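# Coordinates in review
Okay, here's what each chain looks like letter by letter:
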Amino acid sequence: MSSLLPAEAETESRVADETGGDVRVLSLDDPDAAQLIACLSADNARSILSALHDDPATASELADAVDTSLQNARHHLDNLQDADLVRIVNTRYSVKGREMTVYAPTRDSFVVCVGDDDDVRTVGRSLE
């Protein structure tokens, strides 16, 4: 049986959480951790992600919910998608017949660890 823990050279681990989703465990120096932290440093990005945990929504619905422009909401949604925090789940049509993408959060939780690869493996084991 293969291990859920990373090999020596890896800096990311995935273990199942209590909801059946994955918990991503990243080392602080992992490029994915840097992207994730940079993405969540913006207030609007965090607000959008929080709003999506309530209900899936379109970019225009999220823009209204967090009181920002549609362009700003789309920018943050793109960044959240790139960081694997948000995914496309559906398509809706506006009253004008325009196709709109519906977003939802990924089921993954994440932990960013300070330390070396051994610390990442230790956190990964404690989450099992």
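In every chain, residue numbers begin from 1 and rise along the written sequence. Note on the predicted model: pLDDT of at least 70 is required for a residue's local features to be given, and 80 or more for side-chain atom pairs to be given and counted; whole-chain, interface and lining totals, by contrast, use all residues. Values shown for side chains rest on all heavy atoms present in the structure; no hydrogens or waters enter the calculation.

## What to know about the overall build of the protein
Filter applied, for reference: Secondary structure elements are taken from DSSP: a helix is a run of H or I of four residues or more, a strand is a run of E of two residues or more, and numbering for both begins at the N terminus. Throughout, exposure labels follow a simple rule: accessible area from a 1.4 Å probe, protein chains only, divided by the maximum for the residue type, with under 20% read as buried, over 50% as exposed, and the rest as partly exposed. Contact criterion: two residues are considered in contact whenever any of their non-hydrogen atoms come within 4.5 Å of each other. Only the protein chains shown count as cover for residues, and all accessible areas are computed by the Shrake-Rupley method using a 1.4 Å probe.
What the protein contains, in helices and strands, is five helices and six strands. Reading the helices (α) and strands (β) of the protein from amino to carboxyl end gives β-β-α-α-β-α-α-β-β-β-α. Evaluated residue by residue, the protein yields a buried proportion of 34% over its 128 residues. For the protein, contacts bridging at least 24 residues in sequence account for 54% of all contacts bridging at least 6. Summed over all atoms, the accessible surface of the protein reaches about 7,600 Å², with 48% contributed by carbon and sulfur.

## Some details on the packing of helix 2 (residues 43–54) against helix 4 (residues 70–82)
Packed helices, taken two at a time, are described by the angle their axes make and the gap between the axes. To keep things clear, this is the line we draw: Lines fitted to C-alpha atoms define the axes, with helix axes restricted to the stretch in contact, and inter-axis angles between N-to-C directions lie between 0 and 180 degrees. Any angle that falls under 35 degrees is termed roughly parallel, while one over 145 is termed roughly antiparallel, one within 65 to 115 roughly perpendicular, and all others oblique. Asp, Glu, Lys and Arg are counted as charged, while Ala, Val, Leu, Ile, Met, Phe, Trp, Tyr, Cys and Pro are counted as nonpolar; the rest, among them Gly, fall into the polar class.
With their axes 9 Å apart at the nearest point, helix 2 and helix 4 run at an angle of 75 degrees to one another. Between helix 2 and helix 4, the crossing angle belongs to the class labelled roughly perpendicular. Of the residues in helix 4, those in contact with Asn-44, Ala-45, Ile-48, Leu-49 and Leu-52 of helix 2 are Asn-72, Ala-73, His-76, Leu-77 and Leu-80. Residue composition of the contact of helix 2 with helix 4, grouped by class: seven nonpolar, three polar and no charged.

## Concerning the environment of Leu-62
You can see Leu-62 is positioned in helix 3 (residues 59–66). For the pair Leu-62 and Tyr-103, spaced 41 residues apart in sequence, the C-alpha separation works out to 9.5 Å. For Leu-62, the residues in contact, after removing those within four places along its chain, are Ile-48, Ala-51, Leu-52, Ala-57 and Leu-77.

## Some thoughts on helix 3
This is how it is decided: Each C-beta atom gives one direction from the helix axis, and the arc is the one those directions make.
Turning to helix 3, its buried residues are Ala-59, Leu-62, Ala-63 and Val-66. The buried residues of helix 3 all sit within an arc of 105 degrees when viewed along its axis, so they share a single face. Across from the buried face of helix 3, at angles greater than 90 degrees, the exposed residues are Asp-64 and Ala-65. Looking at the packing, one finds that the buried side of helix 3 touches helix 2, strand 3 (57–58), helix 4 and strand 5 (99–105). Just downstream of helix 3 lies Asp-67, where phi reads positive at about 55 degrees.

## Points about the environment of Arg-24
With respect to the element layout, Arg-24 can be found in strand 2 (residues 22–27). Assessed through its relative accessible area of 4%, Arg-24 is described here as buried. Considering only alpha carbons, one finds Arg-24 and Phe-110, 86 residues apart in sequence, at a separation of 4.4 Å.

## Looking at the sheet that holds strand 5
Here is the rule we go by: Strand pairing is defined by DSSP finding a minimum of two bridges between the two strands.
Ordered by their spatial adjacency, three strands build an open sheet running 3-5-4, and the pairing between neighbours is antiparallel. In the strand order of this sheet, the two ends are held by strand 3 and strand 4 (86–93), each with one partner. Alignment of strand 4 against strand 5, held across seven bridges, turns out to be antiparallel. Paired with Val-86 across the two strands is Pro-105, which belongs to strand 5.

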